[in-house]
Amino acid sequence: NPDRRWEMAVTTLADGRRLVRLEDRSSAQAGERMRTDFVANASHELRTPLSALIGFIETLEDANGADEGPIRARFLGIMGTEARRMQHLIDDLMSLSRIEADRFVAPRDAIDLAALARIACAEIEGGGKAGGRIRCTLEAPQAMVHGDRAQLLQLLHNVIGNALKYGRPGSEVAVSVATADGNVIVAVRDEGEGIPAELIPRLTERFYRVDPGRSRSLGGTGLGLAIVKHVVERHRGRLDITSVVGTGTTLTVTLPLALIP
Ligand code: ADP
């Protein structure tokens, strides 16, 4: 198989016999390639806004103090947007590496996901970008999990934020929290453009976007669902995405219900 990589080590024993050790290094090599791709992608994503920033700074410097009020204000506006884009990306990169570093530490805090969903919806509405579009239905009065509050709040922000970003303007985003069969089920449904079925498995890859231009113009980093996937894995949960192109998408997170008195 040309995709597999073997490493061979030969040791000569005291009695002259030879010991041959064959090791399958394919997965180590694949891991290494993923890491290199990730660094290359992250560097590219950071360089784009940085180049724009440097370009505008140099243009302003060349103007050498000549007062071009409106142009200056417009350039500063663009520079602010690009700098915030970088900040957002660095925040997401740091979140991702923190969640990965915590991978083997089971989260132990008692978290009520229904209450947390209510907080996330209120925070997003308070941020002023939702325009009253979120409908939050808490079917379970209490939905306790063993969890990491900050990470679960970020998961809710990312998923609800996506539903708003990729939902049709003015359409509703439905957030629900229920319990069933020993699980807490958080579902976020939008009435949006939807995602072709064959692309769904790729959405949680770092920096994968269905439409990169659209994601960037909406302020996306391409890391939101990678963060969601890692948080779900750390909480021993499941992530399901179902979508109908032209109708909308439902993202469901299922986490084990904690029996907390
Ligand atoms: P981004 O920052 O680009 O939104 P994400 O990792 O959160 O990155 O999502 C990856 C991609 O998945 C998005 O660029 C978008 O193409 C697609 N996507 C995510 N959520 C939805 C949704 N609710 N409806 C349609 N497409 C979505």
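Just so we're clear, the structure is a prediction, and the values are computed from it rather than from any experiment.

**Q** Explain a nonpolar patch on the surface to me, please; I cannot follow it from the model alone.
**A** Together, Trp6, Met8, Val10, Val20 and Leu22 line one region of the surface with nonpolar side chains, adding up to about 560 Å² of accessible area. Secondary-structure elements contributing two or more residues to the nonpolar patch are strand E1 (6-12) and strand E2 (18-24). Broken down by element, the residue count for the nonpolar patch peaks at three residues, all from E1. Inspection of the secondary structure assignment puts Leu22 in strand E2. On the accessibility criterion, Leu22 (56% relative accessible area) is exposed.

**Q** Looking at this model, I keep getting lost on the pairing of strand E8 (residues 238-244). Mind explaining?
**A** Within a regular strand, side chains alternate between the sheet's two faces. As defined by bridge partners, E8 adjoins strand E9 (residues 248-256) across seven bridges and the pair is classed as antiparallel. Within E9, the position partnered with Asp240 by the bridge is Thr252. From the end of E8 to the start of E9, which pair antiparallel, there are three residues, and Gly246 there has a positive phi angle of about 85°.

**Q** Please clarify how the pattern of salt bridges should be interpreted in this entry.
**A** Side chains bearing opposite charge may pair, as long as their charged atoms lie close to each other. Within this structure, the stated rule accounts for 16 salt bridges. The salt bridge involving Asp148 is made with Arg234; its shortest N-O contact spans 3.1 Å. Here Asp148, found in the loop between strand E5 (144-147) and helix H4 (149-166), pairs with Arg234, found in helix H6 (residues 224-234); they are 86 residues apart in sequence, far enough to count as distant. Like Asp148, the residue Arg234 is buried in the burial classification. Linked by salt bridges that have partners in common, Arg5, Glu7 and Arg25 make up one network.

**Q** What's the story with the packing of helix H1 (residues 26-63) against helix H2 (residues 69-101) in this structure? I'm lost.
**A** For the pair H1 and H2, interaxial distance at closest approach is 9 Å and the crossing angle is 160°. As far as their axial angle goes, H2 and H1 are roughly antiparallel. The hand of the H1/H2 crossing is left-handed. Side by side, H1 and H2 meet where Phe38, Ala42, Glu45, Leu46, Pro49, Leu50, Ala52, Leu53, Phe56, Ile57, Thr59 and Leu60 of the first sit next to Arg72, Phe75, Leu76, Ile78, Met79, Glu82, Ala83, Arg85, Met86, Leu89, Ile90 and Leu93 of the second.

**Q** Can you walk me through the packing of aromatic side chains in this structure?
**A** Counted under the stated rule, the structure contains two aromatic pairs. Ring centres of Phe38 and Phe207 lie 6.0 Å apart, and the angle between their planes is 25°; this geometry places the pair in the stacked category. Residue Phe38 is located in helix H1, and its partner Phe207 is located in the loop between strand E7 (183-190) and helix H5 (212-217); the two are separated by 169 residues in the primary sequence. The class of Phe38 is partly exposed, set by a relative accessible area of 21%. The exposure class of Phe207 is buried, given its relative accessible area of 10%. Relative to Phe75, the ring of Phe56 has its centre 4.8 Å away and its plane inclined at 65°; by these criteria the two rings are edge-to-face. One end of the pair, Phe56, is in helix H1; the other, Phe75, is in helix H2, and 19 residues separate them in sequence. Residue class for Phe75 comes out buried when judged on its relative accessible area of 11%. The side chain of Arg206 reaches across the aromatic face of Phe38, ending 4.4 Å from its centre.

**Q** Quick question: what am I supposed to make of the sheet that holds E8 here?
**A** Read across the sheet, five strands follow the order E4-E6-E7-E9-E8 without closing on themselves; strand pairing throughout is mixed. Bordering the open sheet on either side are strand E4 (134-138) and E8, each of which pairs with just one other strand. Here the average twist between neighbouring strands, direction ignored, is 15°. Pairing geometry for strand E6 (residues 173-180) and E7, over eight bridges, is antiparallel. Counterpart to Val177 in the pairing with E7 is Val186. The sheet contacts of H4 involve E4, E6, E7 and E9, and relative to E7 the element is tilted by about 25°. Where H6 meets the sheet, its contacts fall on E8 and E9, and the angle it forms with E8 comes to roughly 140°.

**Q** Would you take a moment to explain the side chain of Ser95 for this structure?
**A** Examined against the element boundaries, Ser95 turns out to sit in helix H2. For Ser95, the side chain forms a polar contact with the side chain of Gln154, separated by 3.3 Å.

**Q** Help me understand the environment of Pro256 in this model?
**A** With respect to the secondary-structure elements, Pro256 resides in strand E9. By relative accessible area, Pro256 is classed as partly exposed at 36%. Along the sequence, Pro256 and Val244 sit 12 residues apart, while their C-alpha atoms lie 27 Å from each other. Setting aside residues up to four positions removed in sequence, Pro256 forms contacts with Met144, Val145, Gly182, Asn183, His235, Arg236 and Gly237.

Reading guide: rules and limits
- Residues numbered from 1 in each chain as written.
- Predicted model: local features only at pLDDT ≥ 70, side-chain atom pairs only at ≥ 80, totals over all residues.
- Heavy atoms only, no water.
- Patch = residues over 30% accessible without salt bridge, like charges linked within 9 Å, V, L, I, M, F, W, Y side chains within 5 Å.
- Areas by Shrake-Rupley, 256 points an atom, 1.4 Å probe, with all protein chains shown as cover.
- Salt bridge = Lys/Arg side-chain N within 4 Å of Asp/Glu carboxyl O.
- Helix = DSSP H or I, 4+ residues; strand = E, 2+ residues; numbered from the N terminus.
- Buried < 20%, exposed > 50% of the residue type's maximum accessible area, 1.4 Å probe, protein only.
- Pairing = 2+ DSSP bridges.
- Axes fitted to C-alpha atoms, helices over the stretch in contact; angles between N-to-C directions.
- Parallel < 35°, antiparallel > 145°, perpendicular 65-115°, else oblique.
- Left-handed = near helix turned anticlockwise from the far one by under 90°.
- Contact = heavy atoms within 4.5 Å.
- Phe/Tyr/Trp six-rings, centres within 6.5 Å; stacked < 30°, edge-to-face > 60°.
- Lys NZ or Arg CZ within 6 Å of the ring centre and 35° of its normal.
- Polar contact = N/O pair within 3.5 Å; in protein donor to acceptor, adjacent residues only side chain to side chain.

Such coordinate-based values are descriptive only and should not be taken to indicate function.
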